[in-house]
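# A closer look at the structure
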Amino acid sequence: MKAAPFEYACAQSLEHACQLLAEHGDEAKLIAGGQSLVPMLAMRLLAPAVLIDIHRLAELQHISQDGDQLAIGAATRQCAADGFAWLDDTVPILRKALRWVGHLPTRNRGTVGGSLAHADPSAELTLVAALLEATLTLKSAQRTRHVAAADFFVGPMMTCLEPDECLIGVRFPIWRNGRNGQTRSGSAFDEIAARQGDFAIVSAAAQLGVDQAGVCTRAAVAIGGAGPSAMAFNDLAQRLVGSRLDDKLLYELAQEAAAKVEPTGDLLASVAYRRHLAGVLAERVLRAARHEAMQASQA
């Protein structure tokens, strides 16, 4: 199939993009990398009257450390984020997740903001945003607002973006080491897909902080592909704080998180299988994050 006819507009600046969105409203769609949008256009799952190209906007292509946050422009290529020199020292879980995104050509064209705005419940970057409780910045011709990831993703491929708004950036919190370097963090990401590069059937991510005595100081865990959007269980994960992260506790937490997911069945996996995978992967990433954090704390 081919896309339905549409008009093309190349935004000359962010302000110009916002003006075009204000003019055309819900008849317009933004395109940057096009790795999610173009297939949907080709299948006519979307038929916008106007396509607004923002991929040349340098003001949306940046990545930098800003205090206790990693700030990434929405049109930053996924490969550029993966290549950021200090990623392992700031938000290492992001690099671990990016390695699961499609294939190298996909990451060369796909953008960080495009993946987040597409809001696929199986997408790796939406899971990291949920896990770390990232903040997304939205801009229209009239205002700029900052939205927590939990409020941004409202359903499968649905966000709180208004028709005249553009996602311009995302900020991921950086987990700082404790005083005198006594606290270290570890993270892990894993997923199951039918084939390498396919959409995840279920995915999971975890990040843990431990002190030199092996006691957990901070914890986060999230599951993707098993509900209408990526689901973070960070309130549940607080149960780990103050513990020594023994296997039994990690297993019980993973099973409790899996019991709370809301999977649907399809040709790839039944509801029961997705729930089972959620528990298995949640425990797997918790164990892996613990191992990395323990090694770092003893280094």
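As shown above, the structure is provided for reference.
All residue numbers refer to positions counted from 1 along the written sequence of the respective chain. In view of the model being predicted, local features appear only for residues whose pLDDT reaches at least 70, and side-chain atom pairs are presented and counted only at 80 or more, with totals across whole chains, interfaces and linings using the full set of residues. Only heavy atoms go into the side-chain values, all of them from the structure, while hydrogens and water stay out.

Among the nonpolar cores identified, the biggest contains 41 residues, and Leu70, Val91, Leu94, Leu116 and Phe172 are the most heavily contacted of them. Each helix is a run of H or I in the DSSP string that is no shorter than four residues. Each strand is a run of E no shorter than two, and both are numbered from the N terminus. At the level of secondary structure, the elements contributing two or more residues to this core comprise strand S5 (69-73), helix H5 (92-98), helix H7 (112-118), helix H8 (124-132), strand S6 (135-139), helix H9 (149-152), strand S10 (166-173) and strand S13 (216-224). Sort the elements by how many residues they give to this core and H8 lands first, with seven residues. Not counting residues up to four positions away in its chain, the partners in contact with leucine 70 are Ile63, Ser64, Gln65, Phe84, Leu87, Thr90, Val91, Leu94, Val170, Arg171, Phe172 and Ile174. For this analysis, a nonpolar core means a set of buried residues of the types Ala, Val, Leu, Ile, Met, Phe, Trp, Tyr and Cys, connected via side-chain atoms within 4.5 Å. Using a 1.4 Å probe on the protein chains alone, a residue whose accessible area is under 20% of its type maximum counts as buried, one over 50% counts as exposed, and one in between counts as partly exposed. One finds Ala188, Met231, Ala278 and Leu281 within the second-largest nonpolar core, a separate group that totals 35 residues. We call two residues in contact when some of their heavy atoms are within 4.5 Å.

A few words now on the pattern of salt bridges. Here, a salt bridge means any Lys or Arg side-chain nitrogen found within 4 Å of an Asp or Glu carboxyl oxygen. Under the counting rule described, the total for this entry stands at 15 salt bridges. Notably, a salt bridge pairs aspartate 82 with arginine 95, separated by 3.1 Å at the nearest N-O pair. Here the residue aspartate 82 occupies a position in helix H3 (residues 78-82), and arginine 95 occupies one in helix H5, the gap between them amounting to 13 residues. Per residue, the accessibility class of aspartate 82 equals that of arginine 95, and both read buried. For the salt bridge of aspartate 190 with arginine 284, the shortest nitrogen-to-oxygen distance reads 3.1 Å. Taken together, the residues aspartate 190 in strand S11 (residues 183-193) and arginine 284 in helix H12 (residues 271-298) connect sequence positions 94 residues apart. Residue class for aspartate 190 comes out buried when judged on its relative accessible area of 13%. By relative accessible area, arginine 284 is classed as partly exposed at 41%. Taken together, the shared-partner salt bridges connect Asp82, Asp88, Arg95 and Arg99 into one network.

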